[in-house]
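An overview of the molecular structure
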Amino acid sequence: SQTIHQWPATLVQPVGSPLSLECTVEGTSNPNLYWYRQAAGRGLQLLFYSVGIGQISSEVPQNLSASRPQDRQFILSSKKLLLSDSGFYLCAWSVGSQNDQPQHFGDGTRLSIL
Amino acid sequence: EDKVVQSPLSLVVHEGDTVTLNCSYEVTNFRSLLWYKQEKKAPTFLFMLTSSGIEKKSGRLSSILDKKELFSILNITATQTGDSAVYLCAPRASARQLTFGSGTQLTVLP
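Please read these numbers as outputs of a predicted model, since none were measured by experiment.

Cut-off values and rules
Counting starts from 1 at the beginning of each chain's written sequence and moves along it residue by residue. Lettering for chains starts from A, numbering for ligands starts from 1, and both go in the order in which the items are written. A pLDDT threshold of at least 70 governs which residues receive local features in this predicted model, and a stricter bar of 80 or more applies before side-chain atom pairs are shown or counted, although totals over entire chains, interfaces and linings include all residues. As a convention, hydrogens and water are excluded, and side-chain values are obtained from all of the structure's heavy atoms. Here the rule is simple: two strands pair whenever DSSP picks up at least two bridges between them. Here a strand is any run of E in DSSP of at least two residues, a helix any run of H or I of at least four, and the numbering for each starts at the N terminus. Note on geometry: axes are C-alpha line fits, over the in-contact stretch for helices, and angles between N-to-C directions span 0 to 180 degrees. Contacts between residues were defined by any pair of non-hydrogen atoms, one from each residue, lying within 4.5 Å. Accessible area that two parts lose when put together, with a 1.4 Å probe and added across both, is what the buried area reports. One side-chain nitrogen of Lys or Arg within 4 Å of one carboxyl oxygen of Asp or Glu is enough to make a salt bridge. Identification of polar contacts relies on pairs of N or O atoms within 3.5 Å, with a donor-acceptor requirement for protein atoms, meaning one able to donate a hydrogen and the other able to accept it, and with residues adjacent in sequence counted only if both atoms are side-chain atoms. Only Asp, Glu, Lys and Arg are considered charged in this grouping, and only Ala, Val, Leu, Ile, Met, Phe, Trp, Tyr, Cys and Pro are considered nonpolar; every other residue, Gly among them, is considered polar. Using a 1.4 Å probe on the protein chains alone, a residue whose accessible area is under 20% of its type maximum counts as buried, one over 50% counts as exposed, and one in between counts as partly exposed.

**Topic: the sheet that holds strand S6 (residues 56-58) of chain B**
Residue and element names in this part refer to chain B. With antiparallel pairing, the 5 strands of this open sheet are ordered in space as S1-S3-S8-S7-S6. Taken across any chain shown, the strands that pair with only one partner, and hence form the sheet edges, are strand S1 (3-7) and S6. With direction set aside, neighbouring strand axes in the sheet form an average angle of 15°. Sheet topology places strand S3 (residues 19-26) next to strand S8 (residues 71-76); 6 bridges connect them, and they run antiparallel. What sits directly across from Asn 22, in S8, is Ile 73.

Here it is in structure tokens:
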């Protein structure tokens, strides 16, 4: 069966520091991969999605970037964090070969910027 | 701009009660609507609805979609404390993109 791993679970970083959050999926090939941010009391906002290695689509302009160096690895990065980057970051995957499939989420990273 | 409104924002009930959660949406090129349950961390997938009037059921949970009136409801019967969570609805406007509502916070008291 498929599993998705995200780490770290929590992270506290100072303003201006870099960021790297990692997500890996097991048990499937060529998945679609997604990064979401969830602000307190709000819905999930899609930040990036990827349909294959090196293919990244950005949904909102922001201070963050994403990369997909391997088929089942998705990384969210920033060179210099802002206070507004605080939030709960979720990675998700869906079956790549078929459209309109459910997305399945990792446990998330709670990021606090000081 | 796509819009999703969930109501109520929060709900407190006692074990054994039945609850109905609402989701109304305005989404261009609607394809389907998904429901998720979010406890402390990862949202977990509950249902995907594509056709009006066909109820999806899983145990005590059921859901139905009305594509003409642009809404969906999620029913939970005989609620248990383990049902306490945020319930998110997410209509799909493209093959890969979901638009999430802010959720309904359900608290079930023993």
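**Observations regarding the interface of chain A and chain B**
On the side of chain B, 20 residues touch chain A, which itself brings 24 residues to the contact. Interface of chain A and chain B: buried area, both sides summed, is about 1700 Å²; carbon and sulfur atoms make up 52% of it. At the surface where chain A touches chain B, the tally comes to 2 salt bridges. As a salt-bridge pair, Asp 100 of chain A and Arg 31 of chain B come within 2.6 Å of each other at their nearest N and O atoms. Our enumeration of links across chain A and chain B arrives at 6 residue pairs in polar contact (both at pLDDT 80 or more). Of all the secondary structure elements, the ones that give two or more residues to the side of chain A that touches chain B are strand S4 (32-38), strand S5 (44-52), strand S9 (87-94) and strand S10 (104-105) of chain A. Per-class residue counts for the side of chain A that touches chain B are 10 nonpolar, 9 polar and 5 charged.

**What to know about unusual backbone geometry**
Cis peptide bonds are those with omega within 30 degrees of zero, and the linkage from Trp 7 of chain A to Pro 8 of chain A qualifies with 0°. Following Ser 7 of chain B, the chain continues into Pro 8 of chain B via a peptide bond in cis, with omega recorded as -10°. Inspection of the secondary structure puts Pro 8 of chain B in the loop between S1 and strand S2 (10-14). Even without glycine at this site, Asn 30 of chain A takes up a positive phi of about 50°. Among the structural elements, Asn 30 of chain A can be located in the loop between strand S3 (19-26) and S4. Residue classification places Asn 30 of chain A among the partly exposed residues on the basis of a relative accessible area of 39%. Despite not being glycine, Ala 78 of chain B has its phi angle at roughly 45°, a positive value. Secondary-structure assignment places Ala 78 of chain B in the loop between S8 and strand S9 (85-92). When its relative accessible area of 36% is taken as the criterion, Ala 78 of chain B is described as partly exposed.

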